[in-house]
Amino acid sequence: MEYIYALLLSAIFTFLFISFKRKNSSVLKPKVVKKDELIESYKLELQDILKEYEDNKELQMQERIKFLKKVNYELSMNIFFDENEAKELLQELSKLGK
């Protein structure tokens, strides 16, 4: 009798696990959408930095350089961007707000 309860509980937990797993896996985004979202988030973050330090141009330049270094590192580790795409994005970001 105890085995039947254990078997029923394990079957219920297995069913719940599989149903939740299936719902989460259907939310995958295509590679292009991920790249576009990442590029837009970098642009927005840089624009926020530029607005925050617009009164102090020297500090703004320091923060811009720090941000571009961070982006460069992140893109070098990102499997969706090749070297040329990363360079193009960094050039685009460095021209933003000038």
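What counts as what
- Residues numbered from 1 in each chain as written.
- Predicted model: local features only at pLDDT ≥ 70, side-chain atom pairs only at ≥ 80, totals over all residues.
- Heavy atoms only, no water.
- Salt bridge = Lys/Arg side-chain N within 4 Å of Asp/Glu carboxyl O.
- Helix = DSSP H or I, 4+ residues; strand = E, 2+ residues; numbered from the N terminus.
- Buried < 20%, exposed > 50% of the residue type's maximum accessible area, 1.4 Å probe, protein only.
- pLDDT = per-residue confidence, 0-100.
- Core = buried A, V, L, I, M, F, W, Y, C linked by side-chain atoms within 4.5 Å.
- Contact = heavy atoms within 4.5 Å.
- Axes fitted to C-alpha atoms, helices over the stretch in contact; angles between N-to-C directions.
- Parallel < 35°, antiparallel > 145°, perpendicular 65-115°, else oblique.
- Left-handed = near helix turned anticlockwise from the far one by under 90°.
- Phe/Tyr/Trp six-rings, centres within 6.5 Å; stacked < 30°, edge-to-face > 60°.
- Lys NZ or Arg CZ within 6 Å of the ring centre and 35° of its normal.

What to know about the pattern of salt bridges
Pairing between side chains of opposite charge can happen when the charged atoms of each approach one another.
Moving on, step 1. In this structure the tally under the stated criterion is six salt bridges.
Moving on, step 2. For K43, the salt bridge is made with E92, and the minimal N-O distance between the two is 2.6 Å. Placement of K43 in helix α2 (residues 31–52) and of E92 in helix α4 (residues 83–95) is noted, with a sequence separation of 49 residues between them.
Moving on, step 3. The class of E92 is partly exposed, set by a relative accessible area of 39%.
Moving on, step 4. Between E83 and K87 there is a salt bridge; the shortest N-O distance is 3.5 Å. With a gap of four residues between them, E83 and K87 both fall in helix α4, about one helical turn apart.
Moving on, step 5. A single network of salt bridges, built from pairs that share partners, joins E40, K43 and E92.

What to know about the confidence of the model for the chain
Moving on, step 1. Per-residue confidence for the chain gives a mean pLDDT of 85; residues scoring 70 or more make up 89%.
Moving on, step 2. The spread of mean pLDDT over the elements of the chain runs between helix α1 (residues 2–25), the lowest at 73, and helix α3 (residues 57–77), the highest at 94.

A look at the nonpolar core
Moving on, step 1. If you look at the biggest cluster of nonpolar residues, it comprises 15 residues, and the most contacted ones within it are Y42, F67, V71, L75, L89 and L93.
Moving on, step 2. Top element by residues in this core is α2. It accounts for five residues.
Moving on, step 3. Filtering out sequence-adjacent residues up to four positions away, Y42 remains in contact with F67, V71, E74, L75, L89 and L93.

Concerning the packing of α3 against α4
Moving on, step 1. Packing of α3 against α4 leaves a shortest axis separation of 10 Å and a crossing angle of 165°. By the angle class used here, α3 and α4 are roughly antiparallel. Crossing handedness for the pair α3 and α4: right-handed. Note on element contacts: α4 touches α3 through A86, L89, L90, L93 and S94, opposite R64, F67, L68, V71, N72 and L75.

Some words on the packing of aromatic side chains
Moving on, step 1. A complete count under the given rule lists one aromatic pair for this structure.
Moving on, step 2. On the numbers, 6.3 Å between centres and 75° between planes, the contact of Y42 with F67 is edge-to-face. Separated by 25 residues along the polypeptide, Y42 in helix α2 and F67 in helix α3 bring together distant segments of the chain.
Moving on, step 3. Look at Y42 and you get buried, because its relative accessible area is 4%.
Moving on, step 4. When the ring centre of F81 is taken as reference, the NZ or CZ atom of K35 above it lies at 5.2 Å.

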